[in-house]
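Here's the letter readout for the chains.
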Amino acid sequence: MIRLKNASISSRLTWMNMIVSGVALLLACTAFLIYDRVSVRESMTRNLAAQAEIIGTNSVSALDFDDARSAESTMSALKGSPQITGAVIYTKEKKAFAAYSRDHGVALDIVPEIPEGQTETHVFENDRLIVGRPILFQGKTAGFVFIQSDLSELNDRLKRYAGIVVAILAVSLLAAYAISFISKRAISQPASELAEVARIVSRDKNYSLRATPLRSKTELAELIDAFNDMLAEIQSRDAELEQGRAELEKRVEMRTSELAAVNKELEAFSYSVSHDLRAPIRHIDGFSMLLNQKYGSKMEPNALQYLNRIRDSAKHMGQLIDDLLGMARINRQEAVRRRVEISDLVAETIRSLQHDSDGRQIEWRTGELPQVECDPNLMRIVLTNLLNNAVKYTRNCEKTVIETGCLVQDHETVFFIRDNGAGFEQEYAHKLFGVFQRLHRPEDFEGTGVGLATVQRIIQKHGGRIWAEGKVNEGATFFFTLGAA
Amino acid sequence: VNRFTVLRIFTIGVLMQMLTGPGLSARQASEYQVKAAYLYNFAKFAEWPGSLTNRSAPLAICVLGKDPFGPALDIAVTEDIRGRKVVARRISKFQEGQDCSVLFIPMSEERRLGEILKGLERIPVLTVSDIPEFSRRGGMIQFVFEGNKIRFEVNLASSQSAGIMLSSELLKLASTVRRS
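Note that this is a predicted model, so its numbers are computed, not measured.

Thresholds, definitions, all that
Residues numbered from 1 in each chain as written. Chains lettered and ligands numbered in written order. Predicted model: local features only at pLDDT ≥ 70, side-chain atom pairs only at ≥ 80, totals over all residues. Heavy atoms only, no water. Helix = DSSP H or I, 4+ residues; strand = E, 2+ residues; numbered from the N terminus. Buried < 20%, exposed > 50% of the residue type's maximum accessible area, 1.4 Å probe, protein only. Areas by Shrake-Rupley, 256 points an atom, 1.4 Å probe, with all protein chains shown as cover. Contact = heavy atoms within 4.5 Å. Buried area = accessible area lost by both parts, 1.4 Å probe. Salt bridge = Lys/Arg side-chain N within 4 Å of Asp/Glu carboxyl O. Nonpolar A, V, L, I, M, F, W, Y, C, P; charged D, E, K, R; others polar. Disulfide = S-S within 2.5 Å. pLDDT = per-residue confidence, 0-100. Pairing = 2+ DSSP bridges. Axes fitted to C-alpha atoms, helices over the stretch in contact; angles between N-to-C directions. Core = buried A, V, L, I, M, F, W, Y, C linked by side-chain atoms within 4.5 Å. Patch = residues over 30% accessible without salt bridge, like charges linked within 9 Å, V, L, I, M, F, W, Y side chains within 5 Å. Lys, Arg positive; Asp, Glu negative; His and termini not counted. Charge placed at Lys NZ, Arg CZ, Asp CG, Glu CD. Parallel < 35°, antiparallel > 145°, perpendicular 65-115°, else oblique.

Asker: Looking at this model, I keep getting lost on the overall build of chain A. Mind explaining?
Answerer: A count of helical and extended segments in chain A gives 10 helices and 12 strands. Taking all 485 residues of chain A together, 35% fall into the buried category. Carbon and sulfur atoms provide 56% of the accessible area of chain A, an area that totals close to 30,100 Å².

And the structure:
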């Protein structure tokens, strides 16, 4: 039975068929056997009683005329029934009168007793049946007759019966086997097909497959139909999901292109505005310079101071416009990547900055830097801005240290530039990269608020990220990555 | 007391007497004891015409002339046969025997036998005798000796012409059955 646990449905069916039919047959055969034995015993008894009656009736005159030979010749007719082993006729006084023995000379061991209140008796012993009855003539008891039979009939019948049972059992087990072999087609084959389809579906995630439906209306057919319905449901939901996703993607794409168009428009607008603003500013600067040169000596000191202020503002505005134009140009420019020795770029930038640092004592620390795939012109702008900031915000330090290096974080190369200057409050760090956003007053540190915004645009063009950490009066660190080429 | 028991006791007694005492009288006695019982038994295995109608009338076993049985016949007829009372009767003339069911004709009547049989022809009286050639001459049942044992011969033609039915049980015990 343990082996049955893992057996296929078909072999289970086969076993079940065979066990059920075997048990049913055995029970039926046993019942029939018992019934048969009882009825055979009854009929044997009846038969023997009939023989006894015949013998008795035919021995009445022999008893009356005391003619034992006649009685014996009557009894010799019992030879015709080979199962009868012997018979004895007794007188009314239960004295043996005449006897018959199938096997001559074999003494018969019969006690001529008929139980009180019974007209006849029959006794089944191990190997014989004895039937006894009175001999009646004209309503009176003339004597008694006892007949003894062996049980060969019963035993032969039992043997024959056992043979038949074995034969029937064998034939019906064969039939059960054959039937279950046929029913395999009806039950177990569709079931294993269903299992196979289910296996393929769960392996390949292919919900378009279907199990072959059955034409019958069995539970198995219902199961297969339900399975197919389930697959159809999954498939339709998949399709819906796919459709929804595609729609969403399309919408995102649409929005993105709309945004890009608006952005481009805005950039074009700001470029033209900046460009158009340049000429009037140059005029203001140029004419205020002429005014200063030609009439500065005749002006009152106050007027001259105002004029200088006008000129400063015009210059600042010019610078702002230049920066904005620069940023706009970068926005429109594609990053052209190639392999760049970043340490060379850093060294070059530091050299150019040293000219402008008014002979300040600055300690430059540069770590090992790898080669990277990037646009060298844009990268130069990034380094110039960041290093220039570092120089600017360390202006008030006694001892300036500016460090450039890189580290590996989460399988990504992160570059950093660290200074020990004015720093900033960490909670405003997100504002650093906004256009015109400044964390310091222009009186302390000059600037337009365009530089870091430009840097962020360049980093984003490369697919990288930029962020900053800082603390007031303890310095700032700018980190950036450059994405994969 | 059962008649067979009596019979058997008598038989044993007779055998003892045969060995010890004077033979003839003892033998006579035992022979007619048996014959008396046989007469009674013949009546049991025979059927008379119209026996159903005069069921109430007694069944008479008659002895013609000189009675050789003595009390033996009276002892033998104690029990009823098929509900009919059985009586033993002695008659002197065979003409009186027309009411008898069974008529025993003793040896002493041998000379008149032809007359008797002629007179009872076709009358339902079962004639029994131990006269030699009785059955051949038209008597119905004749006692014979087979060695020591008493047997009987049956003339079936005679009994049938008189309308008496003899049971096959009886016939199978007969030493001879004459059918014509």
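Next, the rest of the story.
Asker: Looking at this structure, I do not really get the overall build of chain B. What am I missing?
Answerer: Along chain B, the regular secondary structure elements total six helices and nine strands. Within chain B, the fraction of its 180 residues that count as buried is 48%. Here the analysis covers contacts within chain B between residues at least 6 apart in sequence; of these, 59% occur between residues at least 24 apart. For chain B, the exposed surface amounts to about 9,000 Å²; the carbon and sulfur share of it is 55%.

Asker: Even after reading the chapter, I still don't get the interface of chain B and chain A, so can you show me in this structure?
Answerer: Note on interface size: it is often stated as the accessible area lost on association of the parts. Between chain B and chain A, the contact holds 21 residues from the first and 20 residues from the second. In this assembly, chain B packs against chain A so that about 1,700 Å² is buried in total across both faces, 46% of it on carbon and sulfur atoms. Summed over the shared surface of chain B and chain A, the number is three salt bridges. The residue A:Asp64 makes a salt bridge to B:Lys44 at a minimum N-O spacing of 2.6 Å. Elements that contribute at least two residues to the side of chain B that touches chain A include exactly helix H1 (3-20), helix H2 (23-44), strand E7 (149-155) and helix H6 (168-171) of chain B. Looking at the side of chain B that touches chain A residue by residue, the class counts come to eight nonpolar, three polar and 10 charged.

Asker: I'm lost on the state of the cysteines in this one. Help?
Answerer: By definition, a disulfide links the sulfur atoms of two cysteine residues through a covalent bond. All names here are of chain B. One pass over the full model with this rule turns up one disulfide over all chains. Paired by a disulfide, Cys62 and Cys100 hold their sulfur atoms 1.8 Å apart. The sign of the -90° torsion about the S-S bond sets the Cys62-Cys100 disulfide as left-handed. Of the two residues, Cys62 sits in strand E2 (residues 59-64) while Cys100 sits in the loop between strand E3 (86-91) and strand E4 (102-105), which places them 38 residues apart along the sequence. The class for Cys100 is buried, based on a relative accessible area of 2%.

Asker: Looking at this model, I keep getting lost on the confidence of the model for chain B. Mind explaining?
Answerer: Predicted coordinates in areas of low pLDDT are best not read in detail. Within chain B, residue pLDDT values average 82, and 81% of them lie at 70 or more. Two numbers describe this predicted complex: its pTM, 0.50, and its ipTM, 0.73.

Asker: Can you help me understand the sheet that holds strand E3 (residues 121-124) of chain A in this one?
Answerer: Two pairing modes exist for strands in a sheet, parallel and antiparallel, and in both the strands are linked by backbone hydrogen bonds. All names here are of chain A. Read across the sheet, five strands follow the order E2-E1-E5-E4-E3 without closing on themselves; strand pairing throughout is antiparallel. On the outer flanks of this sheet lie strand E2 (96-101) and E3, each paired with one strand and no other. Each neighbouring strand pair of the sheet contributes to a mean axis angle of 15°, computed without reference to strand direction. With 10 bridges connecting them, strand E4 (residues 128-137) and strand E5 (residues 140-150) associate as antiparallel partners. Residue pairing across strands places Phe137 opposite Lys140, the latter belonging to E5.

Asker: When you look at the pairing of E2(A) in this model, what are you seeing that I'm missing?
Answerer: Remember that side chains alternate between the two faces of the sheet whenever the strand is regular. Residues and elements named next belong to chain A. Sheet topology note: the strand E1 (residues 84-91)/E2 ladder contains five bridges and is antiparallel. Paired with Val88 across the strands is Ala99, a residue of E2. In this structure, the hairpin formed by E1 and E2 is closed by a connection of four residues, where Lys94 is found at a positive phi of approximately 65°.

Asker: Even after reading the chapter, I still don't get the nonpolar core, so can you show me in this structure?
Answerer: Across soluble globular proteins, you tend to see nonpolar side chains buried next to one another. Counting residues in each nonpolar core, the largest one holds 67 residues, and the members touching the most others are B:Phe42, B:Leu126 and B:Phe152. Among the elements that make up this core, the one with the highest residue count is H2(B) (eight residues). Counting residues in hydrophobic clusters, the runner-up holds 37 residues, among them A:Trp364, A:Cys374, A:Ile458 and A:Ala468.

Asker: Whenever I open this one, a negative patch on the surface confuses me. Can you help?
Answerer: All names here are of chain A. Together, Glu219, Glu222, Asp225 and Asp229 make up a negatively charged patch on the protein surface. With respect to the helices and strands, Asp229 occurs in helix H6 (residues 219-295). Relative accessible area serves as the criterion here: at 53%, Asp229 is assigned to the exposed category.

Asker: What am I meant to see in the sheet that holds strand E7 (residues 362-366) of chain A here?
Answerer: Residues and elements named next belong to chain A. Taken in spatial order, the five strands make up an open sheet running E7-E9-E10-E12-E11, and their pairing is mixed. Strands at the two margins of the open sheet, each flanked by one partner only, are E7 and strand E11 (466-471). In this sheet, neighbouring strand axes are inclined to one another by 15° on average, regardless of whether the strands run parallel or antiparallel. Summarising the sheet, strand E10 (residues 412-419) and strand E12 (residues 475-480) pair through four bridges and their orientation is antiparallel. Residue Phe415 lies in a different strand from E12, and its bridge partner there is Phe480.

Asker: Please clarify how the pattern of salt bridges should be interpreted in this entry.
Answerer: Two side chains carrying opposite charge are able to pair once their charged atoms lie near each other. Here the structure, examined in full by the defined rule, presents 34 salt bridges over all chains. Note that A:Glu403 and A:Arg418 form a salt bridge whose closest N and O atoms lie 3.4 Å from each other. With A:Glu403 in strand E9 (residues 400-409) and A:Arg418 in strand E10, this residue pair connects regions lying 15 residues apart in the sequence. Between B:Asp74 and B:Arg90 there is a salt bridge; the shortest N-O distance is 3.2 Å. Placement of the pair is B:Asp74 in helix H3 (residues 72-76) and B:Arg90 in strand E3, with a sequence separation of 16 residues. On the accessibility criterion, B:Asp74 (37% relative accessible area) is partly exposed. Residue B:Arg90 is classed as partly exposed on the basis of its relative accessible area of 34%. A cluster of three or more residues bridged by salt bridges with shared partners is formed by A:Asp67, B:Glu146 and B:Arg151.

Asker: Explanation requested: the packing of helix H7 (residues 301-332) of chain A against helix H10 (residues 451-461) of chain A in the structure shown.
Answerer: Describing two packed helices takes the angle between their axes plus the distance from one axis to the other. All names here are of chain A. The interhelical angle for the contact between H7 and H10, taken along N-to-C directions, is 5°, at an axis separation of 10 Å. Here H7 lies roughly parallel to H10, going by the angle between them. Where H7 abuts H10, its residues Met327, Ile330 and Asn331 lie against Ala453, Thr454, Arg457, Ile458 and Lys461. For the contact of H7 with H10, the class distribution of residues is four nonpolar, two polar and two charged.

Asker: Looking at this model, I keep getting lost on the side chain of A:Ser70. Mind explaining?
Answerer: In this fold, A:Ser70 is placed in helix H4 (residues 68-75). By relative accessible area, which is 10% here, A:Ser70 ends up buried. When sequence neighbours within four positions are dropped, the list of residues in contact with A:Ser70 reads A:Ala62, B:Lys172 and B:Leu173.

Asker: Before we go on, may I ask you to explain the side chain of B:Ser158 in this structure?
Answerer: Assignment of secondary structure puts B:Ser158 in helix H5 (residues 156-161). If sequence neighbours within four positions are ignored, B:Ser158 has contacts with B:Gly138, B:Gly139 and B:Met140.

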